[in-house]
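Spelled out, the chains give:
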Amino acid sequence: MSHAIIVAHGQPSDPEPAEAALATFAAKVNALTENVVVHSATLAAPGALEAKLDRVPENPVIYPLFMAKGWFVTSALPKRLGNHPTQILDPLGIDPELPALTAEALRTELYDKHWAAQSTDLVIAAHGSGRSRNPSTVALQFAEKLRGLVAFKSVCVGFVEEQPSISDAANGTGDQALCLPFFACTGGHVQEDVPQELDRAGFSGVLLPVVGELPPIRAQIAKKLTEAFESA
């Protein structure tokens, strides 16, 4: 049996709830795999990743539940892995299939609400960064691909840590609007910053789950983990 570890950032100020939430997420992915045992660990929980690495057999696959291939994925994560032989996959946010899978989930949401895409505004709430252009570039590229897959009335991107803000992106949208948080996990930004920014804009639409929690995504991660061992 092969083993994989889904790794997320977690919540440094209060690590345990995020650690438990990621374990629940990993269990759902695990239920979708046949020959891969799926574990989890957040970087914010002290020693959690190292303890998990010590317990699993050698050469596990590491799946970064992040939205960009930035410092955490390219520097912090490899440093924490140390000398453990592992294979690190690309993070969720740059999966080439992510726009199409998200479009599928958005079409289902529109269908359930009896909304036409052409009459619906989409706000994408992303993290951004004051230090690196990489996170916002990934989010903007994702939005551009989504525009070509679903004919929304408008698609606007706003950021927590840079301009334009999420409130700027949501300003002027009507009741028939969706906000998609471009985040891998439901953390502090999604629970606090995103709703506050939407309130500031007078947003009256629907706040969706984060990208990482959309129905097609767990199946995609299970697929990626299975393929990683098949190609090894």
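First, a word on what this report is: a plain description of the structure on this page. (Residues numbered from 1 in each chain as written. Predicted model: local features only at pLDDT ≥ 70, side-chain atom pairs only at ≥ 80, totals over all residues. Heavy atoms only, no water.)

A closer look at the environment of P85
Relative to the elements of secondary structure, P85 occurs in the loop between helix 3 (71-81) and strand 4 (87-88). P85 sits in the partly exposed class, given a relative accessible area of 35%. Separated by 27 residues in the primary sequence, P85 and E58 place their C-alpha atoms 6.6 Å from one another. P85 has contacts with E58, N59 and P60, leaving out every residue within four places of it along the chain. (Helix = DSSP H or I, 4+ residues; strand = E, 2+ residues; numbered from the N terminus. Buried < 20%, exposed > 50% of the residue type's maximum accessible area, 1.4 Å probe, protein only. Contact = heavy atoms within 4.5 Å.)

Overview of the packing of helix 1 (residues 15-30) against helix 8 (residues 215-230)
Viewed as axis vectors pointing N to C, helix 1 and helix 8 meet at an angle of 65 degrees, and their least axial separation amounts to 9 Å. Judged on the interaxial angle alone, helix 8 and helix 1 are roughly perpendicular. Our pair here, helix 1 against helix 8, has a crossing hand that is right-handed. Contacts between helix 1 and helix 8 involve F25, K28 and V29 on the former and, on the latter, R218, I221, A222 and L225. Looking at the contact of helix 1 with helix 8 residue by residue, the classes come out as five nonpolar, no polar and two charged. (Axes fitted to C-alpha atoms, helices over the stretch in contact; angles between N-to-C directions. Parallel < 35°, antiparallel > 145°, perpendicular 65-115°, else oblique. Left-handed = near helix turned anticlockwise from the far one by under 90°. Nonpolar A, V, L, I, M, F, W, Y, C, P; charged D, E, K, R; others polar.)

Looking at the nonpolar core
Counting residues in each nonpolar core, the largest one holds 48 residues, and the members touching the most others are I6, L65, L122, I124, F182, I221 and L225. The element contributing the most residues to this core is helix 4 (residues 98-113), with six residues. Here I124 is in contact with F142, A143, L146, V155, C156, V157, G158, L180 and F182, once residues within four sequence places are set aside. (Core = buried A, V, L, I, M, F, W, Y, C linked by side-chain atoms within 4.5 Å.)

A word on the packing of aromatic side chains
Each aromatic ring pair is summarised here by two numbers: the centre-to-centre distance and the angle between the ring planes. Tallied over the full model, the rule gives three aromatic pairs. Arranged with centres 6.0 Å apart and planes meeting at 20 degrees, the rings of F66 and F72 form a pair that is stacked. Here the aromatic rings of F142 and F182 are separated by 4.6 Å at their centres, their planes lie at 35 degrees, and the arrangement is tilted. Within this pair, whereas F142 is found in helix 5 (residues 134-147), its partner F182 is found in the loop between strand 7 (177-181) and helix 7 (188-200), the two being separated by 40 residues in sequence. Both residues of the pair, F142 and F182, belong to the buried class. (Phe/Tyr/Trp six-rings, centres within 6.5 Å; stacked < 30°, edge-to-face > 60°.)

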